[in-house]
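Fold and contact review
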Amino acid sequence: MQILSRVTLTFGVIILIAAALLLGKDVIDINQLHAVANANRSTNFPSPLNTVLITAVLTAVGGFLTGLGLGMPKRLPRTPNPH
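No experiment lies behind these values; they were computed from the predicted model shown. (Residues numbered from 1 in each chain as written. Predicted model: local features only at pLDDT ≥ 70, side-chain atom pairs only at ≥ 80, totals over all residues. Heavy atoms only, no water.)

**Examining the side chain of Thr 8**
- Summarising the element assignment, Thr 8 is placed in helix 1 (residues 2-38).
- Within the structure, the side chain of Thr 8 is placed 2.7 Å from the backbone oxygen of Leu 4, a separation counted as a polar contact.
- If we ignore the near neighbours within four places in the chain, the residues touching Thr 8 are Leu 65, Leu 68, Gly 69 and Met 72. (Helix = DSSP H or I, 4+ residues; strand = E, 2+ residues; numbered from the N terminus. Polar contact = N/O pair within 3.5 Å; in protein donor to acceptor, adjacent residues only side chain to side chain. Contact = heavy atoms within 4.5 Å.)

Laid out in structure tokens, this is it:
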């Protein structure tokens, strides 16, 4: 159970880091779209909606896995052997 706990915790932290990086990219994309809208130009900038939704899902999954990894018992309780 200790290995599963560490693996789950590791995946959760990796997913949270990926979500934070995507969120930073989304902020840049949204700022670019805002600047284009204010300039009254019609250029083709991709919509960041899909990336924002992926970021939200990754954050939820990463938070769940991190909490699951932290909440798992570190060691299995030993059962006494009857003699």
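Next comes the rest of the account.
**Thoughts on the UniProt feature "transmembrane region" (unreviewed entry) in the protein**
- As recorded in UniProt, the feature "transmembrane region" (unreviewed entry) lies at residues 48-70.
- With 96% helix and 0% strand, the stretch residues 48-70 has end C-alpha atoms that lie 32 Å from each other. (UniProt positions renumbered as here; feature names shortened; annotations may be inferred.)

**Quick look at helix 2 (residues 49-71)**
- Taking 1.5 Å per residue as the helical rise, helix 2 with its 23 residues ought to reach 33 Å, and the 33 Å between its terminal C-alpha atoms agrees with that figure.
- Listed as buried for helix 2 are Thr 51, Thr 55, Gly 62, Thr 66 and Gly 69. (Expected span 1.5 Å × (residues − 1). Buried < 20%, exposed > 50% of the residue type's maximum accessible area, 1.4 Å probe, protein only.)

**Some words on the pattern of salt bridges**
- What the rule picks out here adds up to one salt bridge.
- The salt bridge partner of Asp 29 is Lys 25, with a shortest N-O separation of 2.7 Å. One end of the pair, Asp 29, and the other, Lys 25, are both in helix 1, four residues apart, so they sit about a helical turn from each other.
- With a relative accessible area of 19%, Asp 29 lands in the buried category.
- Since its relative accessible area comes to 42%, Lys 25 is described here as partly exposed. (Salt bridge = Lys/Arg side-chain N within 4 Å of Asp/Glu carboxyl O.)

**Focus: the environment of Ala 18**
- Among the secondary structure elements, Ala 18 is positioned in helix 1.
- The exposure class of Ala 18 is partly exposed, given its relative accessible area of 31%.
- In the structure, Ala 18 is positioned 44 residues away from Gly 62 in sequence and 9.1 Å away in space, judged by C-alpha atoms.

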